[in-house]
Amino acid sequence: MVKQSKLFNSRRADYSPMYLDRSLDQIYFTTTNEKVTGSHRSEITGMKKGDIWFAAKNERGEWKRPEAVEGELNSEVDEGTPAFSPDGSTMYLSKARREPNANTGVEIYTSQRSDAKWSAPVKFEITADTLSSYAHPAVSPDGNWLYFTSDMPGGQGGYDIWRINLKERQGSLENLGEWINTPGDEMFPTFRSDSVFYFSSDGHPGYGGLDIFRAQQTKSGGWSVANMGTPVNSSSDDFGMTFGEGESGFFSSNRTDNRGYDHIYSFELPELKIIISGWVLDKDEEPVPNAVIRIVGDDGSNQKQFARNDGSFSFPLDRGVRYVMLAGAKGYLNAKQEFTSDTAEEDAEYGVDFILASINKPVVIDNIFYDYDAATLRPESKTALDEMAQVLRDNPNVTIEMASHTDRHGSDTYNINLSSRRAQSVIDYLISVGIAPDRLQSQGYGKSRPKTITKKLAREFPQFKEGDVLTEEYILALPQTDQDTADQINRRTEFQVLSIDYQMY
């Protein structure tokens with residue numbers, strides 16, 4: 001959201017806002033309003049020459065009306081584009097030269113603050129070159145570097161952005177190179193952090209006039225540059241951005257002014273809401289009591305929370321981060337999920353559910369299929385088996401019994417033999433994908449353990465009630481179609497946790 005800051009703007013030009021320090025309770029800017037110092041008008045614009053004014057917040061956090069800075073800072077010539085040392089005690093500013101019969105040039109000066117007053121500006125010597133201009137100062141947040149705009153020789157063309165070390169000036173002057181500078185003009189640098197700054201350019205691809213760009217330093221020492229896009233940029237000149245709380249602040253633009261005057265605009269990018277939410281449930285799709293969810297990002301983030309009573313949870317996320325999530329609870333096996341959040345500049349909500357297996361009762365593995373009357377695993381069983389293998393990797397101290405069950409048809413001897421071979425087929429597959437053999441035990445139960453209907457099965461098959469046991473006697477009392485369904489439920493592969501201390505000692 002972008003809107004003109006009417007309190008800061010006059011009927012003339014007002015631009016280059018800059019916070020004094022991170023308390024964010026004073027903002028300084030350049031103005032050419034009718035009350036500025038002196039009566040001379042700019043040879044360039046025909047307006048009265050610029051002064052530096054400021055606005056402060058009252059005790060309620062509201063901006064008060066702007067006023068001229070106190071002290072000897074402002075004069076008959078142009079002063080503008082203020083920037084500050086990290087402690088707010090030194091101002092760097094652009095100031096026009098007093099040179100009769102010479103082209104109007106600009107140089108960088110400093111002023112010191114004592115109480116609420118600013119001292120008369122003192123020239124900041126960058127080079128001995130008196131033909132070039134030096135303007136638009138910006139101090140890096142660590143206080144080590146002064147960035148500025150200049151048309152001095154040795155650049156990429158037009159006005160370029162340069163920097164010089166404030167602690168060791170000798171030999172430290174450098175052009176920011178072709179990552180930042182173009183044959184056009186690059187101006188008005190301002191800082192967000194030591195590795196992120198903003199500048200304006202008419203040489204990089206944009207919307208017209210000066211556009212504001214974001215520059216982030218890369219690991220190799222170069223810069224990655226991106227246009228800020230609309231609504232910050234327009235077909236007019238947009239420049240001089242400063243950040244306050246979060247994704248908010250001020251910048252300058254001459255949009256919508258048919259006289260071409262610059263004005264100060266506020267901007268606020270609503271904070272992106274990126275969350276992941278879901279449920280922690282057991283195999284019957286009931287909430288798991290006191291489940292703990294942990295989420296760790298490759299950005300160093302580490303969050304933990306308990307699921308609510310209904311099994312739900314939610315976490316805030318950041319864009320473009322790879323996350324690993326782990327859910328667990330007493331009496332249940334852990335479950336793990338991995339994902340990467342999108343990099344899009346938009347709200348997003350991700351959904352992920354955890355289905356935890358109990359360590360105290362058998363757990364059916366859905367979607368295990370065998371060839372008819374045989375123990376050969378069919379290819380479509382691979383997904384379920386790979387998920388089972390991952391459960392064992394996520395719970396490395398667990399040993400299990402893998403059991404197979406048949407329906408009521410056939411002899412006891414035949415069914416015990418068939419189910420034993422089927423259980424062993426699953427064990428063989430798990431071993432083939434790296435699960436230690438001594439963590440696995442197979443068992444064929446034939447038709448000796450008919451299934452008891454669970455809550456989940458009762459929801460899926462409402463013809464049965466929770467607690468019904470699918471014995472042969474029970475099944476024979478059912479209609480034929482329901483008998484077939486009951487037989488299908490009894491034909492199952494399931495695992496039971498045997499121990500939870502494998503290789504712990």
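As the structure is a computational prediction, the values presented were derived from the model and not from experiment.

**Q** Help me understand the overall build of the protein in this model?
**A** Of regular secondary structure, the protein possesses 5 helices and 34 strands. Rg of the C-alpha trace for the protein: 36 Å, well past the compact-globule value of 23 Å for 505 residues, more than 25% over. When the backbone C-alpha atoms are referred to their principal axes, the protein occupies close to 115 × 45 × 40 Å. Expressed as a percentage of the 505 residues in the protein, the buried residues total 49%. Accessible surface, the protein as shown: approximately 25,500 Å² in total, 48% of it carbon and sulfur. Charge centroids of the protein, computed over 53 positive and 76 negative side chains, lie 3 Å from each other.

**Q** Whenever I open this one, helix 5 (residues 480-490) confuses me. Can you help?
**A** Residues three or four positions apart in an α-helix share a direction because the helix packs 3.6 residues into each turn. Of the positions making up helix 5, those classed as buried are Asp482, Gln483, Thr485, Ala486, Asp487, Ile489 and Asn490. Elements that come into contact with the buried residues of helix 5 comprise strand 32 (399-405), helix 3 (455-460), helix 4 (472-476) and strand 34 (492-499).

**Q** Sorry if this is basic, but what is going on with the environment of aspartate 482 here?
**A** Within the secondary structure, aspartate 482 sits in helix 5. Taking relative accessible area as the criterion, aspartate 482 reaches 17% and is therefore assigned buried. Aspartate 482 sits 177 residues away from glutamine 305 along the chain, and the two C-alpha atoms are 44 Å apart. Here aspartate 482 is in contact with Gln463 and Phe464, once residues within four sequence places are set aside.

**Q** Just checking my understanding: could you explain unusual backbone geometry for this structure?
**A** Note on backbone geometry: most residues besides glycine have negative phi, and most peptide bonds are trans. Note that the residue after threonine 230, namely proline 231, is joined by a cis bond; omega there is 5°. Checked against the element boundaries, proline 231 lands in the loop between strand 19 (223-227) and strand 20 (238-243). A positive phi is found at asparagine 367, a non-glycine position, where the angle reads about 65°. On the secondary structure map, asparagine 367 appears in the loop between strand 31 (363-364) and helix 1 (382-394). Asparagine 367 sits in the partly exposed class, given a relative accessible area of 48%.

**Q** Even after reading the chapter, I still don't get the pattern of salt bridges, so can you show me in this structure?
**A** Close approach of charged atoms allows side chains with opposite charge to pair. The full count for this structure, using the stated rule, is 23 salt bridges. Lysine 123 serves as the salt-bridge partner of glutamate 107, at 3.0 Å between the closest nitrogen and oxygen. Here the residue glutamate 107 occupies a position in strand 9 (residues 106-114), and lysine 123 occupies one in strand 11 (residues 122-123), the gap between them amounting to 16 residues. Using a relative accessible area of 7% as the deciding quantity, one classes glutamate 107 as buried. Classification of lysine 123 as partly exposed rests on a relative accessible area of 36%. Ionic pairing is found between arginine 492 and glutamate 494, a salt bridge with its closest N-O pair at 3.2 Å.

**Q** Would you mind going over the packing of helix 1 against helix 2 (residues 412-432) with me for this structure?
**A** For the pair helix 1 and helix 2, the least separation of the axes is 10 Å and the interaxial angle reads 65°. At the point where helix 1 passes helix 2, the crossing takes the right-handed sense. Touching Lys382, Leu385, Asp386, Met388, Ala389 and Leu392 of helix 1 are Val426, Tyr429 and Leu430, all from helix 2.

**Q** Is there a simple way to explain helix 2 in this structure?
**A** For helix 2, with 21 residues, the first-to-last C-alpha span of 30 Å sits near the 30 Å given by 1.5 Å per residue. What helix 2 keeps buried is the set Asn415, Leu418, Ser419, Arg422, Ala423, Ser425, Val426, Ile427, Tyr429 and Leu430. Its buried side turned inward, helix 2 meets helix 1, strand 32, strand 33 (440-446) and strand 34. Glycine 434, located one to two residues past helix 2, shows a positive phi value of around 105°.

**Q** Help me out: how do you make sense of the sheet that holds strand 27 (residues 322-328) in this one?
**A** One open sheet holds the 4 strands; their spatial order is 25-24-27-28, and the pairing between them is antiparallel. Of all the strands in the sheet, just strand 25 (302-306) and strand 28 (335-340) have a single pairing partner and so form its edges. Sheet twist, expressed as the average angle between the axes of neighbouring strands with direction ignored, equals 15°. Relative to strand 25, strand 24 (residues 292-297) runs antiparallel, the two sharing 5 bridges. Bridging from a neighbouring strand, arginine 294 pairs with lysine 304 of strand 25.

**Q** Explanation requested: the sheet that holds strand 12 (residues 134-139) in the structure shown.
**A** Within a sheet, neighbouring strands are paired by backbone hydrogen bonds and run either parallel or antiparallel to one another. Taken together, the 4 strands give an open sheet; going across it, the order is 12-13-14-15, and neighbouring strands pair in antiparallel fashion. In the strand order of this sheet, the two ends are held by strand 12 and strand 15 (174-175), each with one partner. Across 4 bridges, the pairing between strand 12 and strand 13 (residues 145-150) is antiparallel. Within strand 13, the residue paired with alanine 138 across the bridge is tyrosine 147.

Here is what the cut-offs are and how they apply
Residues numbered from 1 in each chain as written. Predicted model: local features only at pLDDT ≥ 70, side-chain atom pairs only at ≥ 80, totals over all residues. Heavy atoms only, no water. Helix = DSSP H or I, 4+ residues; strand = E, 2+ residues; numbered from the N terminus. Rg over C-alpha atoms; globule rule 2.2 N^0.38 Å. Buried < 20%, exposed > 50% of the residue type's maximum accessible area, 1.4 Å probe, protein only. Areas by Shrake-Rupley, 256 points an atom, 1.4 Å probe, with all protein chains shown as cover. Lys, Arg positive; Asp, Glu negative; His and termini not counted. Charge placed at Lys NZ, Arg CZ, Asp CG, Glu CD. Contact = heavy atoms within 4.5 Å. Salt bridge = Lys/Arg side-chain N within 4 Å of Asp/Glu carboxyl O. Axes fitted to C-alpha atoms, helices over the stretch in contact; angles between N-to-C directions. Left-handed = near helix turned anticlockwise from the far one by under 90°. Expected span 1.5 Å × (residues − 1). Pairing = 2+ DSSP bridges.

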